[in-house]
Amino acid sequence: MLSAEEVKRLSVLARLEVRPEDQDRLVRELDRILGFVRQLEAAPTGEIEPLVHPLDLIQPLRDDEVREPVDREAIQKAAPDVAEGYYRVPRVIE
Amino acid sequence: MKLRSRVPELVAATARETRSALEYYRERIRVLNPRLNAFITPVDPQAHPATGAPGTRRLAGLPIAHKDLFVTRGIPTTCGSRMLAGFVPPYDACVVERLDLAGCTLIGKTNMDEFAMGSSNETSAFGPVRNPWNLERVPGGSSGGSAAAVAAGLVPVATGTDTGGSIRQPAALCGITGIKPSYGRVSRFGMIAFASSMDQAGVLARSAEDAAWVLREMAGHDPRDSTSVGLPVPDYVAALTRGVRGLRIGIVQNFFDEGLWPAVADRIREALSVLEAAGAQLIDITLPHLSLSVPVYYVLAPAECSSNLARYDGIRYGHRARDPVDLTDLYCRSRSEGFGAEVQRRILIGTYVLSHGYYDAYYLKAQRVRRLIRNDFLKAFESVDLLAGPTTPTPAFRLGEKTADPLTMYLNDIYTIGVNLAGLPALSVPAGLVEGLPVGLQLIGRDFDEETLFAAAADFQGRTDWHRAEPPGFEEGSG
């Protein structure tokens, strides 16, 4: 059974804020989903190779050369807060 | 210009009288979309002018809608989320770019489940889409807006994406044709990522023929997506006339288990007998590990989603919380305000299965079972050319019917998810009605063999009229 403390720990890792009024519901829901996927435990997989990706592709590499110029101004139009070409965030270092 | 014109007819008509198709569909969207909520952003054709680069022009003048998960230069792209409300991308997705070059005109961005996580379109931050066959029913999801718009005749074709059934399931529930190509067939560049080892772009259309015309332009290697394969793209339009004669079709016995409505099973068996009468050989097939598809998916998809959605930090783009006290507060509140409940559940599940102490038991274990599932499919394709079964266990359910319990909602994709885990191509075609609601026949092909899917689907549609059925109230001249 998933505990409230564990959900709290997950929310910290995931950078999500769980509102106190949502906590009980969330613990119940997550516990039910995890209980459902736990049926995989019984699957007879032995040492079969994990399938990370459906195609057994080799990662193709290209030459490391500049292809597209980065238009900083166009990209930063989507940012909530920029100043002088930089992203502005709350103070990190005191 | 007629509502049920085929794609090649629409392109030919546009060559004779410019803008006619566009104006026709824009008017239908204006009048009929308020009933459906299928569009998040209707697009003025001038807002997204073609690049002017030389293209095939094989779809010149064809109006098209893109699922609001494909980024569009200068046009808001929300992915159905509050997180991206107001986000205007500076570039086009590869799919958008290629369809522009083919001559398509973007007519709108369609509604969808938030970040493509949902099977009913009810997780959208922009309100649910309604099923044109019955406005109290869901259209399916996550490409529910695209499916409803095509079914209601608001647009002739639309793009969608399919991570666990998100093209095929809404296509089935709305009575249209939807194809999810093989993983790697279409570039994912500019598709907002959900589960990158399964996400794939495809087409929702009124027939296999229309879908073939559009997929032919979308498919092919793109250097900006290293998982898009370098195989040549066959001429899907030419494949339409091949027929099913001589094909061996495996009937997936696992799909006919207790969860399937008997009336849906009847429609599917009738559809299969049509294929048999056309010269296909039907063979019973069992895929031993298929029943584990849903649990495997609900480990792997959340794991990939928790990692992909880590990028939404409230700093570079997307929603930002007001007056953060520090950086952590900025991250946490921006994400909790921006993401809806289903997205947050999946991020937390993904975080759990990837976290220390659980990684082997959940994530690695699921990947091992994923290989067993793919191996089942590969073994089946040693003796058959296609696999077939229902797309969904039931017709469209009621709005609100499954929102209380996430697990009940997940099980709706029980027949579609295995295909994504294996990376195979599959499509859904209309196979009749149950209680006045459409039912879909699912066909599954070998890796990169979309041609046989198109051949079988087109042959089926040459012998049946289900794909011509129109939802009441959305016929020619309605509104």
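For the structure itself, look to the data block above.
Residues numbered from 1 in each chain as written. Chains lettered and ligands numbered in written order. Predicted model: local features only at pLDDT ≥ 70, side-chain atom pairs only at ≥ 80, totals over all residues. Heavy atoms only, no water.

J.: Which residues make up the packing of helix α9 (residues 293-308) of chain B against helix α12 (residues 359-380) of chain B, and what values go with them?
T.: When two helices pack together, you describe them by how their axes are tilted relative to each other and by the distance separating the axes. Residues and elements named next belong to chain B. Their axes nearest at 9 Å, the elements α9 and α12 cross at an angle of 125 degrees. The angle between α9 and α12 places the two elements in the oblique class. The two elements α9 and α12 cross, and the hand of that crossing is left-handed. Seen from α9, the contacting residues are S293, V296, V299, L300, A303 and E304; seen from α12, they are Y362, Y363, A366, Q367, V369, R370 and I373. For the contact of α9 with α12, the residue count by class is nine nonpolar, two polar and two charged. (Axes fitted to C-alpha atoms, helices over the stretch in contact; angles between N-to-C directions. Helix = DSSP H or I, 4+ residues; strand = E, 2+ residues; numbered from the N terminus. Parallel < 35°, antiparallel > 145°, perpendicular 65-115°, else oblique. Left-handed = near helix turned anticlockwise from the far one by under 90°. Contact = heavy atoms within 4.5 Å. Nonpolar A, V, L, I, M, F, W, Y, C, P; charged D, E, K, R; others polar.)

J.: Give me the interface of chain A and chain B: which residues, what numbers.
T.: Contacts between the two partners involve 52 residues from chain A and, on the opposite side, 64 residues from chain B. Regarding the contact of chain A and chain B, the summed buried area is about 5100 Å², with carbon and sulfur atoms giving 69% of it. Of all residues in chain A, L16, L40 and L51 of chain A bury the most surface against chain B, accounting for 14% of the area lost on that side. In this structure, the connection of chain A to chain B is made through two salt bridges. The closest approach of N and O atoms between R32 of chain A and D405 of chain B, which form a salt bridge, is 2.5 Å. (Buried area = accessible area lost by both parts, 1.4 Å probe. Salt bridge = Lys/Arg side-chain N within 4 Å of Asp/Glu carboxyl O.)

J.: An account of the sheet that holds strand β5 (residues 177-180) of chain B is needed here, citing residue identities and associated values.
T.: All names here are of chain B. Pairing is mixed across the open sheet formed by 11 strands, whose spatial order is β1-β3-β2-β4-β6-β5-β10-β11-β9-β7-β8. Lying at the two open borders of the sheet, with one neighbouring strand each, are β1 (39-42) and β8 (281-285). Taken over all neighbouring pairs, the strand axes of this sheet differ in orientation by 30 degrees on average, direction set aside. As paired elements, strand β10 (residues 426-434) and strand β11 (residues 437-445) share seven bridges and run antiparallel to each other. (Pairing = 2+ DSSP bridges.)

J.: Requested: an account of the nonpolar core, with residues and values cited.
T.: Residue and element names in this part refer to chain B. Judged by nonpolar contacts, the single largest core of 162 residues is most densely connected at F115, F377 and L387. By residue number, the principal contributor to this core is α9, which donates nine residues. Apart from residues lying up to four places away in sequence, F377 is in contact with L287, L290, L387, G418, V419, A422, L424 and I444. Membership of the second largest hydrophobic core comes to five residues, among which are V138, L173, A396 and F397. (Core = buried A, V, L, I, M, F, W, Y, C linked by side-chain atoms within 4.5 Å. Buried < 20%, exposed > 50% of the residue type's maximum accessible area, 1.4 Å probe, protein only.)

J.: Tell me about the pairing of β8 of chain B, residues and numbers included.
T.: Residues and elements named next belong to chain B. With five bridges joining them, strand β7 (residues 248-252) and β8 adopt parallel strand pairing. Directly across from I251, in β8, lies its bridge partner D284. A crossover connection joins β7 to the parallel β8 through helix α8 (residues 262-277); in handedness this β-α-β unit is right-handed. (Right-handed = clockwise from strand over helix to strand, strands pointing away.)

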